[in-house]
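Listed below are the residues making up each chain.
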Amino acid sequence: MSIRLLAFVVVCLLSIVSIRPALSQPVADVPAAITADIQAGAPAEALIVLDDSGLDSASPAAGLPDMPFSRHSNEEYRRLMERRVETLRVLKSRIKQELLADVSGFGLEVLTDYSALPILHVRIDSPEALQRLIDHPQVKSIDENATMGLFLNQSLPLIRQPQAFVDGYDGAGTSVCVLDTGVDYTHPDFGPCTAPNVPSGTCKVAFAADFAPPDGQLDDDGHGTNVAATVLGVAPAAKIIDADVFMSNGRATFDDIIEAIDWCVVNRATYNITALNMSLGGGFSSSPVNPTDAFGTAIGNAVRAGIAVVAASGNEATKNGLGLPAAYSNVISVGAVYDQNIGRAGWSNCVDSSTFSDLVTCFSNSASFLTLLAPGALISAGGEVMGGTSQAAPHVAGAAAVASAANPRETVAQISERLQRGPQVVDPANGISKPRLDLVDTTMDIGGGNSTLFNLSTRAAVRAGDEILIGGFVINGVGLKRVLIRARGPSLADAGVPNAMPDPTLRLFSGPSQIGMNDNWRAGGQEAEIIATGRAPSYASESALIAVLSPGPYTVLVEDARAVQGAAIFEVIGIDEEPGINLFNVATRAKVETGDNVAIGGFVIRGDDPKQLLIRARGPSLANAGVRGALSDTIIELFSGQTLIAANDDWAAGGQRDAIAATGKAPPHNFESAILSRLAPGPYTVLLRGYNGAQGVGIIEVIAIDEQ
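What counts and how
- Each chain carries its own residue numbering, running from 1 in the direction its sequence is written.
- Given that the model is predicted, a residue must reach a pLDDT of at least 70 before its local features are reported, and side-chain atom pairs must reach 80 or more before they are shown or counted; all residues, however, enter totals for whole chains, interfaces and linings.
- Side-chain descriptors were evaluated using all non-hydrogen atoms of the structure, hydrogens and water having been removed beforehand.
- DSSP calls a pair of strands paired once it identifies at least 2 bridges connecting them.
- Only DSSP runs of H or I with at least four residues qualify as helices, and only runs of E with at least two residues qualify as strands; both kinds are numbered from the N terminus onward.
- For helices, the fitted line uses only the C-alpha atoms of the stretch in contact; every axis is such a line through C-alpha atoms, and the angle between N-to-C directions lies from 0 to 180 degrees.
- Only heavy atoms enter the contact rule, under which two residues are in contact if any of them lie within 4.5 Å.
- Residues adjacent in sequence count toward polar contacts only when both atoms are side-chain atoms; beyond that, a polar contact is any pair of N or O atoms within 3.5 Å, and within protein one must be able to donate a hydrogen and the other to accept it.
- Exposure is judged per residue with a 1.4 Å probe applied to protein chains only, and the accessible area is read against the type maximum: over 50% gives exposed, under 20% gives buried, and values in between give partly exposed.
- Ring pairs shown here join Phe, Tyr and Trp side chains whose ring centres sit within 6.5 Å, with only the six-membered ring taken for Trp; geometry is labelled stacked below 30 degrees between planes, edge-to-face above 60, and tilted in between.
- Counting as a charge over the ring demands two things of the Lys NZ or Arg CZ atom: a distance within 6 Å of the ring centre and an angle within 35 degrees of the ring normal.

Caption draft 1: Highlighting the sheet that holds strand β2 (residues 44-50). Within the open sheet, the 4 strands sit side by side as β3-β4-β2-β5. Their pairing is antiparallel. Strand pairing shows two members of the sheet lacking a second neighbour, β3 (108-113) and β5 (139-144), which therefore form its edges. Averaged over all adjacent pairs, the angle separating strand axes in this sheet is 30°, with direction ignored. One ladder, built from 6 bridges, connects β2 with strand β4 (residues 119-124); its direction is antiparallel. By the bridge assignment, Ala46 is partnered in β4 with Val122. Set on the sheet, helix α3 (residues 74-100) makes contact with β2, β3 and β4; between it and β3 the angle comes to about 160°. Across the sheet, helix α8 (residues 254-266) is in contact with β2, β4 and β5; its angle to β2 comes to roughly 35°.

Okay, structure coming up:
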């Protein structure tokens, strides 16, 4: 494993990247490099942006719909994209005929035609050809085909990814386009894979292609592998689209980058692409750049398609501007912070004499229009340890995938707002305060009206007999409630949980009657409905079912299809929130061991108002109910993120005896634990362990007192 501290230097192409305001017709602003080549008698490559406003204003049958593609179903997206590609083809065909008329001695050749973008990559061989482009009424801009360079554990706990994962936010069903140096998908962080999407059940790289000239290597640098693995660290259930846009000389040209963006836009629905990461860049701008040129136009089309475009801010230690593409106004730009104290850190262009968690790195470009910060030094992923804003950006791209999976109908603007909910961090070099990514804050869904318990989960060791995982929940109110119930095991291994159960099954009971059962979620007849929730399990061997339930108590049993023991998660998630119909308590029984195999419960309060909850841990009283091996003495701890906010050993000795007794829900044994608390909306975690390391069967219960 190579440690790179100084390998993120970027060649800033200040004279190459053209930064311009919106153009009026005819085109008057042509990059100097293009005119110089033409005047010298040399051919020049260019990217021309065409005026497709006629398509935007046309009826849906003729071109783009009125609303963003992201608000449509995947099937509708495919249908609309087919129309988009066809109408662009007709437009480009007409323009090419006009431009190439009387071609003899003219000197204009179309090199690349991007199917979903109003852009052409051309070679210009004469002053007459350039003039014809300048004079054409539907040529909006002429841009140089410049090159870009690379912008080069504690990061996941810092952004509270483990808590979000326990709460069920893992990016399942989404994909992230990684435009980089390639991905070595044979590394274990990706499955591993023997080929893209092979084996389909475990390979995390769904597609891989060279958009730059093929170099015969999966990743000849390691940078793209590190970036893609970082995305999966944040969104372990997501898939990677590996778009190799770099040549063997370490440079990436605009035409290859735009071709990769075009592919991601066309195939968004096929792979449910929700984010696009560009840990690359060049140039500099001290203010937001109007995205009217070819690169910005391509990005704009991706955003319109519902893809959050994330880019590294750059590593030149500039504190009053950003590189491109981060400086574009339609991009989510990301700067870097340290995720821990690594002592003195010397970089190629600056030194941080001391470091600590959430210190903005000295190399990280910053400006008032930077979007947010994320961990970028030092990040270990994909067999590499690297530092740079390149490593910060994929944390955000992964978080965008997680947020999109949890909120599939939200727009890119709404997802961007979610990403900026984290704590404020001040860059000591310029005094600018920006939010630092926090995945729990990102996934927190703050709705209106009275607060409700939104989803509930418990992770524990699942054994046999009396030691299987048994979950119970109650629906309160009048009418029916639609819930998603999941049993997950294999995906826990992606989050570093040892001994994950390989093939969990679940059975749903109403009283003694079994009313639902699932082994593998894709085989249960509800695959499309489960995917539509945005909360599908990430492994085919995990289980899920959707049930429409009337008010009352229900029980879920989780065990392995092959009687294998291991760690699993039981989850019940409220899919729709009709007024007056709420999940209002949950109880999960499991074997409580030590270390990673204590029982861990998670729940989310959604709404505006605090909610009164009683959280109980029971063990000794289970023996009276005939449960063998019951936990003899319980300890319960309540966390908000990583902060312990309450703990209890024996409920009657914790200072809340009278208040707990007044609820009528006091634990029946003095060695059992309870916490009564009014909690603000947000996610919480409960840990149940045995006193003095005791092991045995225990129950975690979360009861909404104000809904009794």
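Moving on from the coordinates now.
Caption draft 2: Local environment of the side chain of Glu701. For Glu701, the location among the structural elements is in strand β38 (residues 696-704). In this structure the side chain of Glu701 is engaged in a polar contact, spanning 2.7 Å, whose partner is the side chain of Arg616. In terms of polar contacts, Glu701 uses its side chain to reach the side chain of Arg618, at 3.5 Å.

Caption draft 3: Up close: the pairing of strand β34 (residues 634-640). Taken across its 7 residues, β34 has 6 buried, putting it largely inside the fold. In terms of strand pairing, β34 meets strand β37 (residues 682-690) through 6 bridges, oriented antiparallel. Directly across from Glu637, in β37, lies its bridge partner Leu687. Strand direction decides the pairing type here: β34 and strand β35 (residues 643-648), joined by 5 bridges, are antiparallel. Paired with Leu638 across the two strands is Ala646, which belongs to β35. Where β34 hands over to β35, the hairpin turn is made up of 2 residues, of which Gly641 adopts a positive phi near 65°.

Caption draft 4: Structural view of the packing of aromatic side chains. Taken as a whole and assessed by the stated rule, the structure comprises 6 aromatic pairs. Geometrically, the ring pair formed by Phe207 and Tyr271 is tilted, given 6.3 Å between the ring centres and 55° between the ring planes. Here Phe207 is found in strand β8 (residues 205-210), whereas its partner Tyr271 is found in helix α9 (residues 268-271), with 64 residues between them in sequence. Ring centres of Trp263 and Tyr271 lie 5.7 Å apart, and the angle between their planes is 35°; this geometry places the pair in the tilted category. Among the residues examined, Tyr271 registers a relative accessible area of 23% and is labelled partly exposed. Ring pairing ties together the aromatic residues Phe207, Trp263 and Tyr271, which thus form one cluster. Over the ring of Tyr77 we find Arg268; its NZ or CZ atom is 4.2 Å from the centre of that ring. In this arrangement the basic side chain of Arg488 is found over the ring face of Phe165, its NZ or CZ atom lying 4.8 Å from the centre.

Caption draft 5: Spatial organisation of the sheet that holds strand β7 (residues 175-180). Pairing is parallel in the open sheet, where 7 strands are placed in the order β8-β9-β7-β11-β13-β15-β18. Two strands close off the open sheet at either side, each with one partner strand: β8 and β18 (372-377). Taken over all neighbouring pairs, the strand axes of this sheet differ in orientation by 25° on average, direction set aside. Relative to strand β11 (residues 273-278), β7 runs parallel, the two being bridged by 5 bridges. By the bridge assignment for β11, Val176 is matched with Ala275.

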